[in-house]
Amino acid sequence: MLYGCLVVFFRGLRVFDFSIFRFFDFSTFRLFDFYGNRYRTRPLLIFVCMLLAGCNTTKFVPEGEMLLDKVKVTSDNKEVSPMKVQDYVKLRTNSKLFSLFKTPLAIYSLASRDTSKWTSRVLQHLGEAPVLYDERLVVATRNDLTAAMQNMGYLHAETEVKKTVKDGCKLSIEYVMHPGNAYFIKHVAYDIADPDIAALIMEDSSSKPLIGEGVRLDVDILDAERKRITAMLLNRGYYRFNKEYITYTADTLKDSRMVNLTMNVALYQRNSGSEPTLHPVYRIGKVTYTTDVENMPIRQEVLEENTWLKTGDLFREKSLQDTYNSFSRLNTIKYTNITFSEVDNGQESTVNGDNKLDCNIGVETLPPNTISFQPEGTNTSGDFGAALSAKYENRNIFRGSEHLSVEGRFAYEHIRSLVGYADHDFLEYSLEATLMFPRLIAPFIKPEVKRNLKTTTSELIVSYDLQNRPEFHRRVLSGGWHYRWKGRQQPSGNSIAYKFDLLDLDFVSMPWISETFRKEYLEDEKTKNAILKYNYEDLFIMNMAFGVSYTDGVNAYKASIETAGNLMDAVSEICDVKNNEYGQRMPFGIAYAQYVKGDFDYARSMKLSPNITLVLHGGLGIAYPYGNSTILPFEKRYFSGGANSVRGWTVRGLGPGKYVSDDGKINFINQTGDMKLDLNAELRTYLFWKFNAAFFLDAGNIWTLRDNKDQPNGKFQVNRFLDDLAASYGLGIRLNFDYFILRFDMAMKAVNPVYDTPKEHFPIIHPDFGRDFAFHFAVGMPF
């Protein structure tokens, strides 16, 4: 019940605007006052520092025991990095904040010894008990480190343990690794009793072996070769082969660090008492399907289309995994279990002279229909409202695991801050239908080509959104046809995914604009704004986009390109559509947007220690309107600031360039641009319980690519690039509840590109909490 309440509440936060925090005076919570070059520390900070620094971290260390204060691993050979063997250390010290402060232990030590007090129980639950010295674990670590070095090829390695006692009850340990000299392979021989397997291994190993002359005698490399050969044989029909049939014999040479290595491949044995024989080869026999319900809910041709194990084919591990992957993509299937049974009934037991395996694919299905409701609370700059969504899903609408989703949404908000308008209510009605096919749907493509694109999904989306605001009424009709597919995931964890939006259509209609809004912002010569005017006119957007994302567990790349208006431009050219007074072509009586847009995003995650990770991120986006457009549609423009950008500024509070707003009411439109750069670094660390912390640095800005009188000093110029960059720093607290993460980021401006005095240019030297502080709340990580 509690989980359900949390899900409803936090889903509602997706539209929550936390600008309500502007009503709080954060200066009352400041920890420092700045006077010239002198800092006056607030009593609260003094109290917290004294409390944590003064607590006795050995209070809960039993008499006769010792607190483990420090653990360090060093090596006298630079080829053996201590970072590679950290997992072998079985006894670690208490967790540290950014490797500096043992905050969890300090919190635990604040508790009293009387555990009947609830405060003591809470502090001990949030904190971390002292880690005590354990001789047994130290000996085990020493032995494991020595074994690890020997497995790397350093056969005469040793590990020395140094201990240092401080204050009588704190002990530090240093493991000093002495690898010695490494041993290398001089020659590789093969002892394979099965001639067919010998031929396959020799053919395969001649092109891509992992072991050979000059390779270090590393157990991991030897085992990787066993796995590689086993994988090759499992894809050649050897269903019962495993890597345990492969062993090595190493013969060290006298007065030398070279080794003659022999790979041994044993004959097949069904069990320990049976006679060794040649390894059997298997082909697929009958393929059957079973389900947990009375009738199979999925059409037979769909099951066969997603099955890569075919009657008469050699057994292949790859085909087995492809079948599992294909079935996992079918929305109506919850669980798949594939079993094999060897046929042993005379003539039926072989296929083309090989052994036969009958295959059964058992599936457990999900309920086909679901209905869900989602209430939301909204807050836009202090204007509260509510919304309700209802969603219907059918996971198997055509008995081919096609997924139909229909969602309706109603939202209401009372806008108090508007002056001069008869109505103050904002109403929104929207309806969206999505139909997803777990296969490629496209004409003129051969079935075998479609089959090879087995991870492709095809998606049709249609939506309608109706907004009635006091200032205007807006209608948006949208439709799209999209493809999504993934490349094969490698054993190393590398994965790549693609998306291709073949066609997206958006028809934006503005049936009514209030006279007050029209006169104030669209027609008045002093206040009218070209960007605002363009985005409050009827507009047609027809675009196509392609994107790719790649990750290897450490590095993550995303790139996309989008174009719009080219097809409409060709139609206008063929039909000889004339330009209107603004230089726009309006086929069918409506202007169309024309632009090209590209985005690139990169993130790198580096684990510095078991509890500390450094994450670097960079993002660049450029969009250029041309032809029928001189201004980008509002939804395609970039903005800077906020929880996922330069966090020293609020959302849409930074840029473009050195632009200074002169009308706060339309900042949302003026503080947008055609180009964006984000550079971020986060040092993340574990704190205690479910709390994590991060210290971050951000830099970036947005720019326009054309001069615009409504955005002075906003155009990108190479010679002014560095001076236009904004920077901020801050500290974040994250609560990791596994199924979602709550993030609280507190940031200060460091370099402000918009300034009147040098003090305002470099807030990092002349900070002002009331001027430079920004607070952000978000769900999920920033990158």
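Draft legend 1. Molecular detail of the overall build of the chain. Of the regular secondary structure elements, the chain holds 17 helices and 28 strands. Relative to its full complement of 783 residues, the chain shows a buried share of 43%. Considering only intrachain contacts with a sequence separation of at least 6, the fraction spanning at least 24 residues in the chain is 64%. Taken as a whole, the chain presents about 41600 Å² of accessible surface, with 57% of it coming from carbon and sulfur.

Draft legend 2. Seen up close, the pattern of salt bridges. For the coordinates displayed, the defined rule picks out 42 salt bridges. Note that E342 is salt-bridged to R270, the shortest N-O span being 3.4 Å. Here the residue E342 occupies a position in strand β10 (residues 333-342), and R270 occupies one in the loop between β8 (258-265) and β9 (282-291), the gap between them amounting to 72 residues. A relative accessible area of 25% places E342 in the partly exposed class.

Draft legend 3. Focus on the sheet that holds strand β7 (residues 246-252). In space, the three strands of this open sheet follow the order β6-β8-β7, with mixed pairing throughout. Either end of the sheet is taken by a strand with one partner, and the two such strands are β6 (184-192) and β7. For this sheet, the mean angle separating the axes of adjacent strands, direction not counted, is 25°. Here helix α6 (residues 195-205) sits on the sheet and contacts β6 and β8; the angle it forms with β6, its principal contact strand, is near 150°.

Draft legend 4. A look at the packing of α6 against helix α7 (residues 219-234). Remark: α6 packs on α7, axes separated minimally by 11 Å, with the N-to-C direction vectors making an angle of 120°. Between α6 and α7, the angle falls in the class oblique. Where α6 crosses over α7, the handedness of that crossing is right-handed. The residues of α7 that touch α6, namely those facing I197, L200, I201, D204 and S205, are E225, R228, I229, M232 and L233. Taken together, the residues that form the contact of α6 with α7 break down as six nonpolar, one polar and three charged.

Draft legend 5. A look at the pairing of strand β28 (residues 773-779). Counting buried positions along β28 yields five of seven residues, so the element is predominantly enclosed. Pairing of strand β27 (residues 741-751) with β28 involves seven bridges; the strand directions are antiparallel. Paired with D745 across the two strands is H776, which belongs to β28.

Draft legend 6. Seen up close, the sheet that holds strand β4 (residues 158-166). Strand order in this open sheet of three strands is β3-β5-β4, and the pairing throughout is mixed. Pairing within the sheet leaves two strands with one partner each, and these edge strands are β3 (67-75) and β4. Shown here is a sheet whose adjacent strand axes are inclined to one another by a mean of 15°, direction ignored. Two strands pair when backbone bridges link them, and β4 and strand β5 (residues 170-178) are joined in this way by nine bridges, in the antiparallel orientation.

Draft legend 7. Structural detail: the nonpolar core. Ranked by internal contacts, the top residues of the largest apolar core, which has 25 residues, are I197, L233, F241 and V265. Elements supplying a minimum of two residues to this core: β6, α6, α7 and β8. If near-sequence neighbours (up to four positions away) are discounted, V265 is found in contact with D191, I192, A193, I197, I201, F241, Y245 and I246.

Draft legend 8. Here's a closer look at a nonpolar patch on the surface. Judged by side-chain polarity, L460, V462, Y464, L477 and F507 come together as a nonpolar surface patch covering roughly 410 Å² of accessible area. Here the element with the most residues in the nonpolar patch is strand β17 (residues 457-468); it accounts for three residues. Mapping V462 onto the fold places it in strand β17. Relative accessible area serves as the criterion here: at 43%, V462 is assigned to the partly exposed category.

Draft legend 9. Region of interest: the packing of aromatic side chains. Under the definition given, this model contains 27 aromatic pairs. A ring pair is formed by Y239 and F315, whose centres lie 5.0 Å apart and whose planes are at 80°; its orientation type is edge-to-face. On the criterion of sequence distance, the pair formed by Y239 in the loop between α7 and β7 and F315 in the loop between α8 (300-305) and α9 (317-328) is long-range, its members being 76 residues apart. On the numbers, 5.9 Å between centres and 35° between planes, the contact of W703 with F721 is tilted. Placement of the pair is W703 in strand β25 (residues 691-703) and F721 in helix α15 (residues 721-724), with a sequence separation of 18 residues. Ring pairing ties together the aromatic residues Y239, Y282, F315 and F340, which thus form one cluster.

Draft legend 10. Quick look at the confidence of the model for the chain. Looking at the chain, the pLDDT average stands at 86 and 88% of residues meet or exceed 70. Within the model, pLDDT remains below 50 along residues 1-47, and this stretch shows 58 contacts once partners closer than five positions in the same chain are excluded.

Draft legend 11. Molecular detail of helix α5 (residues 135-151). An ideal rise of 1.5 Å per residue puts 24 Å on 17 residues; α5 measures up with 24 Å between its terminal C-alpha atoms. All buried positions along α5 are accounted for by L137, V138, T141, L145, T146, A148 and M149. The secondary structure elements touched by the buried residues of α5 are β4 and β5. Capping of α5 at its N-terminal end is provided by D134; its side-chain oxygen lies 3.0 Å from the backbone amide nitrogen of R136. Where α5 terminates, the next one or two residues include G153, which has phi positive at roughly 105°.

Draft legend 12. Spotlight on the environment of V406. On the secondary structure map, V406 appears in strand β15 (residues 403-414). Residues V406 and E432 lie 26 residues apart in sequence; the distance between their C-alpha atoms is 5.8 Å. Each residue touching V406, except ones within four places of it in the same chain, is listed here: A390, K391, Y392, L431, E432 and A433.

Draft legend 13. The arrangement of the environment of K454 in detail. Within the secondary structure, K454 sits in the loop between α10 (447-452) and β17. The sequence separation of K454 and D322 amounts to 132 residues, and the corresponding C-alpha distance is 8.7 Å. Beyond its immediate sequence surroundings of up to four residues, K454 is in contact with W308, D322, S326, R329 and R488.

Draft legend 14. Inspection of the pairing of β8 at higher detail. Bridge count for β6 against β8 is eight bridges, and the pairing is parallel. Looking at β8, one finds that H187 is bridged to N260. For β7 and β8, the ladder comprises seven bridges, and the chain directions are antiparallel. Each bridged residue has a counterpart across the sheet, and for T247 the counterpart in β8 is N264. The turn joining β7 and β8, which pair antiparallel and follow one another in sequence, is formed by five residues; a positive phi near 55° is taken by D255.

Draft legend 15. Unusual backbone geometry, seen in detail. Following G655, the chain continues to P656 via a peptide bond in cis, the omega torsion being 0°. Even without being glycine, D167 reaches a positive phi, approximately 60°. By the element assignment, D167 lies in the loop between β4 and β5. Unusually for a residue other than glycine, N713 sits at a positive phi of about 65°. Positionally, N713 belongs in the loop between β25 and α15.

Draft legend 16. Local environment of the side chain of K636. Assignment of secondary structure puts K636 in the loop between β23 (612-625) and α14 (667-670). Taking the relative accessible area as the measure of exposure, K636 reaches 18% and is therefore buried. Apart from residues no more than four positions distant in its own chain, K636 is found in contact with E562, Y595 and K597.

Draft legend 17. Structural context of the environment of G673. By the element assignment, G673 lies in the loop between α14 and β24 (675-688). Exposure remark for G673: the relative accessible area of 0% places this residue in the buried category. A C-alpha to C-alpha distance of 7.9 Å links G673 and L705, two positions 32 residues apart in sequence.

Rules and cut-offs
Residues numbered from 1 in each chain as written. Predicted model: local features only at pLDDT ≥ 70, side-chain atom pairs only at ≥ 80, totals over all residues. Heavy atoms only, no water. Helix = DSSP H or I, 4+ residues; strand = E, 2+ residues; numbered from the N terminus. Buried < 20%, exposed > 50% of the residue type's maximum accessible area, 1.4 Å probe, protein only. Contact = heavy atoms within 4.5 Å. Areas by Shrake-Rupley, 256 points an atom, 1.4 Å probe, with all protein chains shown as cover. Salt bridge = Lys/Arg side-chain N within 4 Å of Asp/Glu carboxyl O. Pairing = 2+ DSSP bridges. Axes fitted to C-alpha atoms, helices over the stretch in contact; angles between N-to-C directions. Parallel < 35°, antiparallel > 145°, perpendicular 65-115°, else oblique. Left-handed = near helix turned anticlockwise from the far one by under 90°. Nonpolar A, V, L, I, M, F, W, Y, C, P; charged D, E, K, R; others polar. Core = buried A, V, L, I, M, F, W, Y, C linked by side-chain atoms within 4.5 Å. Patch = residues over 30% accessible without salt bridge, like charges linked within 9 Å, V, L, I, M, F, W, Y side chains within 5 Å. Phe/Tyr/Trp six-rings, centres within 6.5 Å; stacked < 30°, edge-to-face > 60°. pLDDT = per-residue confidence, 0-100. Expected span 1.5 Å × (residues − 1). Polar contact = N/O pair within 3.5 Å; in protein donor to acceptor, adjacent residues only side chain to side chain.

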